[in-house]
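Listed below are the residues making up each chain.
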Amino acid sequence: MTGQVEQAAERLKALGHPVRLSILRRVVQGPEAGTPAGELQTRLDIPASTLSHHLATLAEAGLVLVAREGTTLRYRADYGVLRALTEYLWQDCCSGGTASEPSPSPCCGGD
């Protein structure tokens, strides 16, 4: 497998847990400066240790960025990584798996 496939698989694996997906959705909905971990814990109603574990997994996968402000950790989505992941998923859609021979595909509006 290529490095790109492995990287995409790891990121999708990180998103494959309902709690992590919920966390990422809250982070995306949060302020540009990032959402404090305490706010995520309150909104999602999960223990701090569980939240910490899942945030570490998302950060390790490169899906969220963390910044420390004193004792507060703020999490924000890495939109470049998220965009690259979704673009990777759609990359060959309109070309039927080969970039050189375009063919109609349902994802491109062709049936």
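Everything that follows concerns the structure shown earlier in this document.
Conventions used here
- Residues numbered from 1 in each chain as written.
- Predicted model: local features only at pLDDT ≥ 70, side-chain atom pairs only at ≥ 80, totals over all residues.
- Heavy atoms only, no water.
- Helix = DSSP H or I, 4+ residues; strand = E, 2+ residues; numbered from the N terminus.
- Buried < 20%, exposed > 50% of the residue type's maximum accessible area, 1.4 Å probe, protein only.
- Contact = heavy atoms within 4.5 Å.
- Areas by Shrake-Rupley, 256 points an atom, 1.4 Å probe, with all protein chains shown as cover.
- Core = buried A, V, L, I, M, F, W, Y, C linked by side-chain atoms within 4.5 Å.
- Pairing = 2+ DSSP bridges.

(A) Summary view of the overall build of the protein. Check the secondary structure of the protein and you find five helices and three strands. When each of the 111 residues of the protein is scored for burial, the buried share is 30%. Restricting the contact set of the protein to residue pairs at least 6 apart, pairs at least 24 apart contribute 50%. For the protein, the computed accessible surface area is about 7200 Å², with 53% contributed by carbon and sulfur atoms.

(B) How the structure looks around the nonpolar core. Core analysis: the largest hydrophobic core is formed by 20 residues, its most contacted members being Ile 23, Val 27, Leu 58 and Leu 63. Residue assignment for this core shows that the elements contributing at least two residues are helix 1 (3–15), helix 2 (18–29), helix 3 (37–44), helix 4 (48–60), strand 3 (72–77) and helix 5 (79–90). Beyond its immediate stretch of four places on either side in the chain, Leu 63 contacts Arg 11, Ala 14, Leu 15, Leu 24, Leu 58, Arg 76, Ala 77, Asp 78, Val 81 and Leu 82.

(C) Seen up close, the environment of Arg 26. Among the structural elements, Arg 26 can be located in helix 2. Residue classification places Arg 26 among the partly exposed residues on the basis of a relative accessible area of 28%. Residues Arg 26 and Ala 77, spaced 51 residues apart in sequence, show a C-alpha to C-alpha distance of 9.6 Å. The contacts of Arg 26, once residues within four sequence positions are left out, are Thr 35, Leu 40, Arg 43 and Leu 44.

(D) Region of interest: the side chain of His 54. On the secondary structure map, His 54 appears in helix 4. The residues touching His 54, leaving out its near neighbours within four places in the chain, are His 17, Val 19, Arg 20 and Ile 23.

(E) The arrangement of the pairing of strand 2 (residues 64–69) in detail. With six bridges joining them, strand 2 and strand 3 adopt antiparallel strand pairing. When the sheet's bridge partners are listed, Glu 69 is paired in strand 3 with Thr 72. Between strand 2 and strand 3, which pair antiparallel and follow one another directly, the connecting turn spans two residues, one of which, Gly 70, has a positive phi of 65°.

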